Amino acid sequence: MSTTATSSVAHTQMPPVMAWTDSLHTGDARMDGTHQEFVDMINAILATPEEDQLPVYKKFLDHTVEHFAQEERWMLATGFSADNCHAEHHATILETMRVVEAHYLDSDTTIITRMAEALAEWFPGHANSMDAGLAAHLKSVGFDSESETLADPSAIQNVTMSGCGSVSCS
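Just so you know, these numbers come straight off a predicted model, no measurement behind them. (Residues numbered from 1 in each chain as written. Predicted model: local features only at pLDDT ≥ 70, side-chain atom pairs only at ≥ 80, totals over all residues. Heavy atoms only, no water.)

### Focus: the nonpolar core
- In terms of nonpolar packing, the biggest core is built from 25 residues, with Ile42, Tyr57, Phe60, Met97 and Ile112 touching the most fellow members.
- Broken down by secondary-structure element, the contributors of at least two residues to this core are helix 2 (29-47), helix 3 (53-77), helix 4 (85-105) and helix 5 (111-140).
- It is helix 5 that provides the largest number of residues to this core, a total of 8 residues.
- Excluding residues within four positions of it along the chain, tyrosine 57 makes contact with Ile45, Met97, Val100, Ile112 and Met115.
- If you look at the next biggest cluster of nonpolar residues, it comprises 11 residues, including Trp74, Phe80, Leu138 and Phe143. (Core = buried A, V, L, I, M, F, W, Y, C linked by side-chain atoms within 4.5 Å. Buried < 20%, exposed > 50% of the residue type's maximum accessible area, 1.4 Å probe, protein only. Helix = DSSP H or I, 4+ residues; strand = E, 2+ residues; numbered from the N terminus. Contact = heavy atoms within 4.5 Å.)

### Comments concerning the pattern of salt bridges
- Within this structure, the stated rule accounts for 5 salt bridges.
- Across the pair glutamate 101 and lysine 58 runs a salt bridge, and its minimum N-O distance is 3.2 Å. With glutamate 101 in helix 4 and lysine 58 in helix 3, the pair connects residues that are 43 residues apart, well separated along the chain.
- Taking relative accessible area as the criterion, glutamate 101 reaches 25% and is therefore assigned partly exposed.
- Here glutamate 148 makes a salt bridge to arginine 73, at a shortest N to O gap of 2.8 Å. Here glutamate 148, found in the loop between strand 1 (143-144) and strand 2 (149-150), pairs with arginine 73, found in helix 3; they are 75 residues apart in sequence, far enough to count as distant.
- Residue class for glutamate 148 comes out partly exposed when judged on its relative accessible area of 27%.
- Salt bridges linked by common partners bring Arg30, Glu66, Arg73 and Glu148 together as one network. (Salt bridge = Lys/Arg side-chain N within 4 Å of Asp/Glu carboxyl O.)

Written out as structure tokens, the structure is:
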């Protein structure tokens, strides 16, 4: 068997580090689609040799910026205050993700793998608490995430959510 065939077989038998499971569903189809892409991209990074990860990571970072911006648009459209802790969590993650490239280029070629592994560990808790809470809130005020519109804008006139979109901000 050639080296290429051997590595190909090994690659196809290796399970993803982070599997998409029903437990990651939030109840909002668009959010879940974005989340599934997030999980797929983490797995793509981890399946890529470290010396080739930077372009894959940059695409993942761009995706994550849009992913978080999408949720934050929805938060603002449905009565969350601009400084809610769910958005603060996003900002912290993005700040950390942005410094990874500089460290990688400065000869720390394992940092992208470590970041992807850390995100794979962090994400289920975030999705099951903050994002599931956001999805429930969107549904409760009649927000359609596909069209990004409210069925009845007056439904949120007196709503000012300062939390995370979940039970607690921890």
